[in-house]
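Spelled out from the first residue to the last, the chains are:
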Amino acid sequence: MKIYEFATNPSSRRVGIFLKEIGVEVDRVQLNVREGDNLTPEYQEKSVNGKVPMLELDDGTTISETIAICRFFAEHSGKTELFGETPVEKGKVEMWQRIVEFDGLYAGFQAFRNLSGVYSDRERCVPAWGEESKLRVQEFLPKLDKQLSRNDFVVGDKLSVADITAFLFVGFVCERALEIDVLETYPHIQAWYQKLADRPAFQ
Ligand SMILES: N[C@@H](CCC(=O)N[C@@H](CS)C(=O)NCC(=O)O)C(=O)O
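These numbers were taken from a predicted model, which means no experiment stands behind them. (Residues numbered from 1 in each chain as written. Predicted model: local features only at pLDDT ≥ 70, side-chain atom pairs only at ≥ 80, totals over all residues. Heavy atoms only, no water.)

Description of the site of the ligand
Rule in force here: When at least one non-hydrogen atom of a residue lies within 4 Å of a molecule or strand, that residue is treated as near it. Polar contacts, as counted here, are pairs of nitrogen or oxygen atoms within 3.5 Å of one another; within protein the pair requires one atom able to donate a hydrogen and one able to accept it, and residues that are adjacent in sequence qualify only if both atoms are side-chain atoms. Using a 1.4 Å probe, accessible areas were evaluated by the Shrake-Rupley method; residue-level cover was limited to the displayed protein chains. In the cavity and pocket records, a cavity denotes points on a 1 Å grid over the protein atoms alone where a 1.4 Å probe fits but cannot get out, a pocket denotes an open set with protein on both sides within 12 Å along at least 5 of 7 lines, and lining residues are residues with an atom within 4 Å of a point. A cavity or pocket is said to hold a molecule if more than half of that molecule's atoms lie within 2 Å of its grid points. Counting from the N terminus, the helices are the DSSP runs of H or I reaching at least four residues and the strands are the DSSP runs of E reaching at least two. All amino acids are sorted into three groups, where Ala, Val, Leu, Ile, Met, Phe, Trp, Tyr, Cys and Pro are nonpolar, Asp, Glu, Lys and Arg are charged, and the leftover types, Gly among them, are polar. How far each domain reaches was decided by an automatic or database domain assignment.
Among the 16 residues in the neighbourhood of the ligand, the closest are listed as Glu-65, Thr-66, Tyr-106, Arg-113 and Arg-122. Side-chain polar atom of Thr-66 to an oxygen atom of the ligand: 2.8 Å apart, as the coordinates give it. Coverage of the ligand by the protein chains reaches 93% of its 510 Å² of free accessible surface. Judged by the proximity of its atoms to the pocket grid, the ligand belongs to the largest pocket. Secondary structure elements with two or more residues in the shell around the ligand: helix H1 (10-22) and helix H4 (87-116). No other element matches H1, which puts three residues into the shell around the ligand. A class-by-class count of the residues in the shell around the ligand yields six nonpolar, five polar and five charged. Each of two domains, domain 1 (2-79) and domain 2 (83-202), supplies a minimum of three residues to the shell around the ligand.

This is the structure we're talking about:
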């Protein structure tokens, strides 16, 4: 099996961090999506969403979407802890994973894509939607900081897949792409971020 990815991009990094945390190694194929390597008819035929990352199994089955790929490897390796262990933990991890992804990461993606026009060769960019999405990101950050003021990790005292999503949201999307000073503004996010950044899998 192999993963098609663009190693420096946030969605590919989410899968990469997840795999390192559970100790699974997989072959990778690099696609430069900025240059449109994912836009070929062959890749678009294989991939449901046309993006990276995408997992291709030896029998030709393909799985797109970051969390679906992480879920596959969790079940395949039997190392499912990052999705929670008890029914309550599983519910909370699923809840926070979705909240951080929808309200944080994807709002951030929308802000970056629509404001920068980085993919204007393949989608309509709406600057006003970019501005609105950036505001939504800024409105979400206090919610994340509050959660981290009460917990060591996004869900309780254990690392979960929600932390991986939140780490890329804060570092890559907010700080780097959208130039929002999250770490200087939110002390609880800062302490949590530093703790994760020190873990080998996150480096
Ligand atoms: N919902 C998808 C999003 C994947 C995504 O946005 N991938 C970006 C790189 S971070 C991409 O392939 N961009 C190229 C394009 O949109 O054509 C997931 O979680 O896997």
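So, the environment of Lys-79
Definition in use: Two residues qualify as a contact provided that any one of their heavy atoms is within 4.5 Å of a heavy atom in the partner residue.
Mapped onto the secondary structure, Lys-79 falls in the loop between helix H3 (66-77) and H4. Distance in space between the C-alpha atoms of Lys-79 and Asp-103 is 27 Å, their sequence separation being 24 residues. When sequence neighbours within four positions are dropped, the list of residues in contact with Lys-79 reads Ile-22, Gly-23 and Ala-74. Of the polar contacts made by the side chain of Lys-79, one reaches the backbone oxygen of Ile-22; its length is 3.1 Å.

Describing the side chain of Arg-113
Tracing the chain through its elements places Arg-113 in helix H4. Apart from residues lying up to four places away in sequence, Arg-113 is in contact with Lys-51, Val-118, Tyr-119, Glu-123 and Cys-125.

Brief notes about the packing of aromatic side chains
Note the cut-off: Only centres within 6.5 Å qualify two rings of Phe, Tyr or Trp (six-membered ring in Trp) as a pair; their planes then separate them into stacked at under 30 degrees, edge-to-face at over 60, and tilted for everything else. Burial here depends on accessible area, computed with a 1.4 Å probe over protein chains only, as a share of the maximum for the residue type. Under 20% is buried, over 50% is exposed, and the range in between is partly exposed. Any Lys NZ or Arg CZ that is within 6 Å of a ring centre and within 35 degrees of that ring's normal is treated as a charge sitting over the ring.
Counted according to the given criterion, the structure contains nine aromatic pairs. On the numbers, 4.4 Å between centres and 10° between planes, the contact of Phe-167 with Tyr-193 is stacked. Of this pair, Phe-167 sits in helix H6 (residues 161-177) while Tyr-193 is found in helix H8 (residues 187-197), placing the two residues 26 residues apart along the sequence. The class of Phe-167 is buried, set by a relative accessible area of 4%. Since its relative accessible area comes to 16%, Tyr-193 is described here as buried. Counting every residue linked through ring pairs, the aromatic cluster contains Phe-167, Trp-192, Tyr-193 and Phe-202. Above the ring of Phe-83, the side-chain terminus of Arg-71 is found at 4.0 Å from the ring centroid. Between Lys-195 and the ring centre of Phe-153, over which it is positioned, the NZ or CZ distance is 4.7 Å.

Some details on the sheet that holds strand S1 (residues 2-5)
Adjacent strands of a sheet pair through backbone hydrogen bonds, lying either parallel or antiparallel. Going by this rule: A pair of strands is treated as paired once DSSP finds two or more bridges between them. Fitting a line to C-alpha atoms yields each axis, with helices limited to the stretch in contact; the angle taken between N-to-C directions then spans 0 to 180 degrees.
The strand order S2-S1-S3-S4 describes an open sheet built from four strands, whose pairing is mixed. In this open sheet, the two edge strands, each paired with only one partner strand, are strand S2 (27-30) and strand S4 (62-64). In this sheet, adjacent strand axes meet at a mean angle of 25° when their direction is disregarded. Two strands pair when backbone bridges link them, and strand S3 (residues 54-56) and S4 are joined in this way by three bridges, in the antiparallel orientation. Note that in S4 the partner of Leu-55 across the bridge is Ile-63.

Things to note about the packing of H1 against H4
One way to put it is that H1 packs onto H4 with a least axis distance of 13 Å and a crossing angle of 145°. Contact residues: Pro-10, Ser-11 and Arg-14 in H1; Gln-97, Glu-101, Leu-105, Tyr-106 and Phe-109 in H4. In terms of residue class, the contact of H1 with H4 is made up of four nonpolar, two polar and two charged.

Notes on the domain arrangement of the chain
Definition in use: Accessible surface is computed with a 1.4 Å probe, and the buried area is the amount of it that two parts give up when combined, taken over both parts together. Each reported salt bridge corresponds to a side-chain nitrogen of Lys or Arg within 4 Å of a carboxyl oxygen of Asp or Glu.
Looking at the assigned domains, one finds that the chain contains domain 1 (2-79) and domain 2 (83-202). Computed over C-alpha atoms, the centres of domain 1 and domain 2 are 20 Å apart. With both chains or domains summed, domain 1 and domain 2 bury close to 1900 Å², and 61% of this area falls on carbon and sulfur atoms. Counting across the interface, domain 1 meets domain 2 through two salt bridges.

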